[in-house]
Amino acid sequence: MEQTMNMSKTTAEPAFDVNSSALADRRVDGTVGKIRVDNPRMSTTDVDVYYGDKHAIQNVSLDIGQNEVVAMIGPSGCGKSTFLRCLNRMNDTVAGCKVTGTLLLDKEDIYDPKIDVVPLRVRVGMVFQKPNPFPKSIYENVAYGPRIHGLITSNADLDEIVETSLKKAGLWEEVKDRMDQPGTGLSGGQQQRLCIARTIAVSPEVILMDEPCSALDPIATAKIEELIDELREQFTIAIVTHSMQQAARVSQRTAYFHLGKLVEVGETNQIFTAPKHKLTEDYITGRFG
Ligand SMILES: Nc1ncnc2c1ncn2[C@@H]1O[C@H](COP(=O)(O)OP(=O)(O)OP(=O)(O)O)[C@@H](O)[C@H]1O
Ligand SMILES: [Mg+2]
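From a predicted model like this one, the values you see are computed outputs, not experimental measurements. (Residues numbered from 1 in each chain as written. Chains lettered and ligands numbered in written order. Predicted model: local features only at pLDDT ≥ 70, side-chain atom pairs only at ≥ 80, totals over all residues. Heavy atoms only, no water.)

A. Geometry of the packing of aromatic side chains. Within the structure shown, the criterion is met by three aromatic pairs. A ring pair is formed by Phe83 and Phe257, whose centres lie 5.6 Å apart and whose planes are at 40°; its orientation type is tilted. Taken together, the residues span a long stretch of sequence, with Phe83 in helix 2 (residues 80–86) and Phe257 in strand 11 (residues 253–258) at a distance of 174 residues. Here the two residues Phe83 and Phe257 agree in accessibility, since each one is buried. Here Arg89 stacks its cationic end above the ring of Tyr111, 5.0 Å away from the centre of that ring. Just above the ring of Tyr50 sits the side chain of Lys98; from NZ or CZ to the centre is 5.1 Å. (Phe/Tyr/Trp six-rings, centres within 6.5 Å; stacked < 30°, edge-to-face > 60°. Helix = DSSP H or I, 4+ residues; strand = E, 2+ residues; numbered from the N terminus. Buried < 20%, exposed > 50% of the residue type's maximum accessible area, 1.4 Å probe, protein only. Lys NZ or Arg CZ within 6 Å of the ring centre and 35° of its normal.)

B. Region of interest: the pattern of salt bridges. On inspection of all chains with the given rule, the structure shows 19 salt bridges. A salt bridge links Asp106 to Arg41, with the nearest nitrogen and oxygen atoms 3.0 Å apart. Of this pair, Asp106 sits in the loop between strand 6 (97–105) and strand 7 (108–109) while Arg41 sits in strand 3 (residues 40–51); the two residues are 65 residues apart in sequence, bridging distant segments of the chain. Ionic pairing is found between Glu140 and Arg147, a salt bridge with its closest N-O pair at 2.8 Å. Residue class for Arg147 comes out partly exposed when judged on its relative accessible area of 37%. Each member of the salt-bridge network shares a partner with another, and the members are Arg41, Asp106, Glu108, Arg123 and Glu205. (Salt bridge = Lys/Arg side-chain N within 4 Å of Asp/Glu carboxyl O.)

C. Structural view of the side chain of Arg193. When you line up the elements, Arg193 lands in helix 7 (residues 188–200). When its relative accessible area of 4% is taken as the criterion, Arg193 is described as buried. With near-sequence residues (within four places) excluded, Arg193 lies in contact with Ala169, Gly170, Leu171, Glu174, Lys223, Ile224 and Leu227. (Contact = heavy atoms within 4.5 Å.)

D. Region of the structure containing the packing of helix 5 (residues 155–168) against helix 7. Where helix 5 meets helix 7, the axes come as close as 8 Å, and the angle between the chain directions of the two elements is 130°. Taken together, the axes of helix 5 and helix 7 lie oblique to each other. Crossing angle aside, the handedness with which helix 5 passes helix 7 is right-handed. Facing helix 5, whose interface residues are Ser165, Leu166 and Lys168, helix 7 presents Leu194, Ala197 and Ile200. A per-class count over the contact of helix 5 with helix 7 returns four nonpolar, one polar and one charged. (Axes fitted to C-alpha atoms, helices over the stretch in contact; angles between N-to-C directions. Parallel < 35°, antiparallel > 145°, perpendicular 65-115°, else oblique. Left-handed = near helix turned anticlockwise from the far one by under 90°. Nonpolar A, V, L, I, M, F, W, Y, C, P; charged D, E, K, R; others polar.)

E. Inspection of the packing of helix 4 (residues 138–148) against helix 7 at higher detail. At a minimum axis distance of 7 Å, the contact between helix 4 and helix 7 shows a crossing angle of 30°. In terms of orientation, helix 4 lies roughly parallel with respect to helix 7. Judged by the twist between their axes, the crossing of helix 4 over helix 7 is right-handed. Here helix 4 contributes Ile138, Asn141 and Val142 to the contact with helix 7, which in turn contributes Leu194, Ala197 and Arg198. In terms of residue class, the contact of helix 4 with helix 7 is made up of four nonpolar, one polar and one charged.

In structure tokens form, the structure reads like this:
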């Protein structure tokens, strides 16, 4: 990051248009960088999203690989949340929202009319910006999903899933003696870890996180970031963040969005130290956004 902050590269050259032919030699499908990975868990091609007339996502193609954390960054309104929500069809719940293109989870088209969105959202779980525990006990917050999705055969099974999920979410030690107390009574950072425990309790394959730390203090944020790194061993993670430090700390690849387009994607280290696109450089050096 230090290198980024001290970047002395000249800004005299004009900003590239995303579609500028000047970048043709390093462009793949309109995006600078490598949009494909060898073993994609999710693979998206030519995704467009409209809210009525508003063209919020334009021709985005991006893979998310097994056991990797992909960070999505970019100025407010550039479409990060919109794109993230396409990955588990959360946009279906937004009136007037239309998604086109191809979005695959393990090579299966998640927009196929045969797909049931309820199990899809179990396979592709989501953690939101604001912790949103159910108005139920800590135990029930985690137990609810496995129970309604029929993932357990006995109460002992359920106890074990609850305990394991809370341990993976780094919350067990703090709550094991108060499992019957309301989840809403926990601190903000604890509530967010409870929501992560609730998400992983149903054994998802992919976890989507939309600014999961924006309501948290630095200590709670550090815990969640540590957790994300551990969860990567088991899950595929896409995280939207406004904190470039966070993107640098938790992700292996970073995708920079600008006005609905995916401008650049690459190894996180490369994006923050040697961005190829002028728009990426402007953003990460604080000249824009
Ligand atoms: N439900 C909606 N109806 C209409 N337009 C919407 C809706 N949700 C988002 N938009 C528009 O789509 C564009 C992308 O919004 P989105 O929320 O995806 O941006 P974002 O990158 O997540 O921004 P932020 O960093 O502020 O969260 C914006 O212009 C926004 O106004
Ligand atoms: Mg957003």
